[in-house]
Amino acid sequence: MENDSHSPVTIPDKIYFKIGEVSQIADVPAYVLRFWETEFVQIRPKRTDAGQRLYRRQDVALILRIKHLLYEKKFTIDGARRHLKQKTAPLLPSNEKTMDLTEVKRELIRIRDLIDESRR
């Protein structure tokens, strides 16, 4: 089940995925997923009481991104780790003022009102 790099992988609409399901979606063996967990701190599946890994959709999306970086872009593990760290850095410059919660709430209400108006 080789995934063509030109066709995007569809992640099923579920909350949690077992390691076997993620292995199928990403088309990599389960031992590779377990190894990536040790190399990429961003991959942290939830564990059941029995110790079974439960991956969230964002974990699966991250795994697909890591696979792309390693297999298609030919990044090293260290290079992929640095690339992901760079991409998740804050978007605002440190000297720029960030919004407080009341400003965020105000902005979200404004966006909701705009959406409501466009539906009328």
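Counting from 1, residues in each chain are numbered in the order their sequence is written. Note on the predicted model: pLDDT of at least 70 is required for a residue's local features to be given, and 80 or more for side-chain atom pairs to be given and counted; whole-chain, interface and lining totals, by contrast, use all residues. Excluded from the side-chain calculations are hydrogens and water; all other atoms, namely the structure's heavy atoms, are used.

Caption draft 1: Molecular detail of the overall build of the chain. Within the chain, the secondary structure is distributed over 5 helices and 3 strands. Secondary structure elements follow DSSP: runs of H or I no shorter than four residues count as helices, runs of E no shorter than two count as strands, and numbering proceeds from the N terminus. Along the chain, from the amino end to the carboxyl end, the secondary structure elements read β-α-α-β-β-α-α-α. By residue count, 26% of the 120 residues in the chain fall in the buried class. Contacts: residue pairs with any heavy atoms within 4.5 Å of one another. Contacts spanning at least 24 positions in sequence make up 51% of the contacts within the chain whose residues lie at least 6 apart. For every residue, the accessible area (1.4 Å probe, protein chains only) is compared with the maximum for its type, and the residue is labelled buried under 20%, exposed over 50%, or partly exposed between those bounds.

Caption draft 2: Here's a closer look at the nonpolar core. Here, nonpolar core refers to any group of buried Ala, Val, Leu, Ile, Met, Phe, Trp, Tyr and Cys residues whose side-chain atoms link them within 4.5 Å. Of all hydrophobic cores here, the largest spans 22 residues; its most connected members are Leu33, Trp36, Ile43, Tyr55, Val60, Ile63 and Ile66. When residues of this core are assigned to their parent elements, the largest contribution, 7 residues, is made by helix α3 (residues 57-72). With residues up to four places along the chain from it excluded, the contact list for Ile66 reads Trp36, Phe40, Ile43 and Leu84.

Caption draft 3: The sheet that holds strand β2 (residues 46-47), seen in detail. Here, any two strands with at least 2 DSSP bridges between them count as paired. On the basis of which strands lie adjacent, the open sheet formed by 3 strands has the order β1-β3-β2 and antiparallel pairing. Each of the sheet's edge strands pairs with one partner strand only, and the pair in question is β1 (16-18) and β2. The pairing of β2 with strand β3 (residues 53-56) spans 2 bridges and is classified as antiparallel. From the neighbouring strand, Lys46 faces β3, where its bridge partner is Leu54.

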